[in-house]
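# Remarks on the overall topology
What follows is each chain in one-letter form.
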Amino acid sequence: FGDKFKKPEGAWECDTCLVENKAVDTKCVACMSAKPGASAASSSASSAPVFGLGDAFKKPEGAWDCDVCLVQNKAVDVQCVACQAAKPGVSVEP
Ligand SMILES: [Zn+2]
Ligand SMILES: [Zn+2]
């Protein structure tokens with residue numbers, strides 16, 4: 001009789017509503033209470049920033065940062081789109 005109700009590996013019981021949740025659940029499926037004993041570290045493992053995505057923030061070719069307001073501008077811009085400061089290194093001919 002007892003074996004029939006044996007918990008699956010890692011299963012846990014909600015402290016709030018006593019619903020049994022699976023090991024993979026980090027919060028109660030019924031009342032959304034946090035898994036007891038689940039540390040912030042373990043929950044952040046799934047939502048931690050993935051540093052491999054750095055390429056997504058790579059500057060486009062020729063892009064430049066404004067010295068004044070730090071806005072990133074495109075290579076074709078000769079002035080900052082935000083503060084109109086001249087592109088560094090561009091010689092402004094009168
Ligand atoms: Zn619950
Ligand atoms: Zn600027």
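Before going into details, it helps to say that this report is about the structure given with it. (Residues numbered from 1 in each chain as written. Chains lettered and ligands numbered in written order. Predicted model: local features only at pLDDT ≥ 70, side-chain atom pairs only at ≥ 80, totals over all residues. Heavy atoms only, no water.)

### As for the overall build of the chain
To keep it simple, the criterion reads: Here a helix means four or more residues in a row that DSSP labels H or I, a strand means two or more in a row labelled E, and each is numbered from the N terminus. Note on definitions: a residue-residue contact is assigned when non-hydrogen atoms from the two residues lie within 4.5 Å. Areas reported as accessible are Shrake-Rupley estimates using a 1.4 Å probe. Residue values count occlusion only from the protein chains shown.
Helix and strand counts for the chain stand at one helix and four strands. Starting at the N terminus, the α and β elements of the chain follow one another as β-β-α-β-β. Across the chain, the fraction of contacts at a sequence separation of at least 24, relative to all contacts at a separation of at least 6, is 2%. Counting only carbon and sulfur atoms, one obtains 59% of the accessible surface of the chain, whose full area is about 7500 Å².

### Considering the coordination of the zinc ion (ligand 1)
Just so we agree on the cut-off: Donor atoms (N, O, S) are those found within 2.8 Å of the metal centre, with the cutoff raised to 3.2 Å for Na, K and Ca; water is not part of the atom list, so apparent gaps in a site can occur. The rule is simple: take the accessible area with a 1.4 Å probe, protein chains only, and divide by the maximum for that residue type; under 20% is buried, over 50% is exposed, in between is partly exposed.
Within the protein, the zinc ion (ligand 1) binds to Cys14 (SG), Cys17 (SG), Cys28 (SG) and Cys31 (SG); these donor distances fall in the range 2.2 to 2.3 Å. Motif for the zinc ion (ligand 1), donor spacing along one chain: C-x2-C-x10-C-x2-C. Remark: Cys31 occurs in the loop between strand 2 (20-21) and helix 1 (40-47) and Cys17 occurs in the loop between strand 1 (12-13) and strand 2; sequence separation between them is 14 residues. Look at Cys17 and you get partly exposed, because its relative accessible area is 32%.

### Some details on the coordination of the zinc ion (ligand 2)
Within the protein, Cys66 (SG), Cys69 (SG), Cys80 (SG) and Cys83 (SG) serve as the donor atoms for the zinc ion (ligand 2), at 2.2 to 2.3 Å. Along the chain, the residues donating to the zinc ion (ligand 2) are arranged with the sequence spacing C-x2-C-x10-C-x2-C.

### Here's the deal with the side chain of Ser33
In this fold, Ser33 is placed in the loop between strand 2 and helix 1. A relative accessible area of 19% places Ser33 in the buried class. Apart from residues no more than four positions distant in its own chain, Ser33 is found in contact with Trp12, Cys14, Thr16, Thr26, Lys27 and Cys28.

### Things to note about unusual backbone geometry
Phi at Leu18 takes a positive value of approximately 65°, unusual for a residue other than glycine. With respect to the helices and strands, Leu18 occurs in the loop between strand 1 and strand 2. Leu18 gets classed as exposed once you look at its relative accessible area, which sits at 56%. Positive phi is not limited to glycine here, since Leu70 has a value of about 65°. Take Leu70: it is sitting in the loop between strand 3 (64-65) and strand 4 (72-73).

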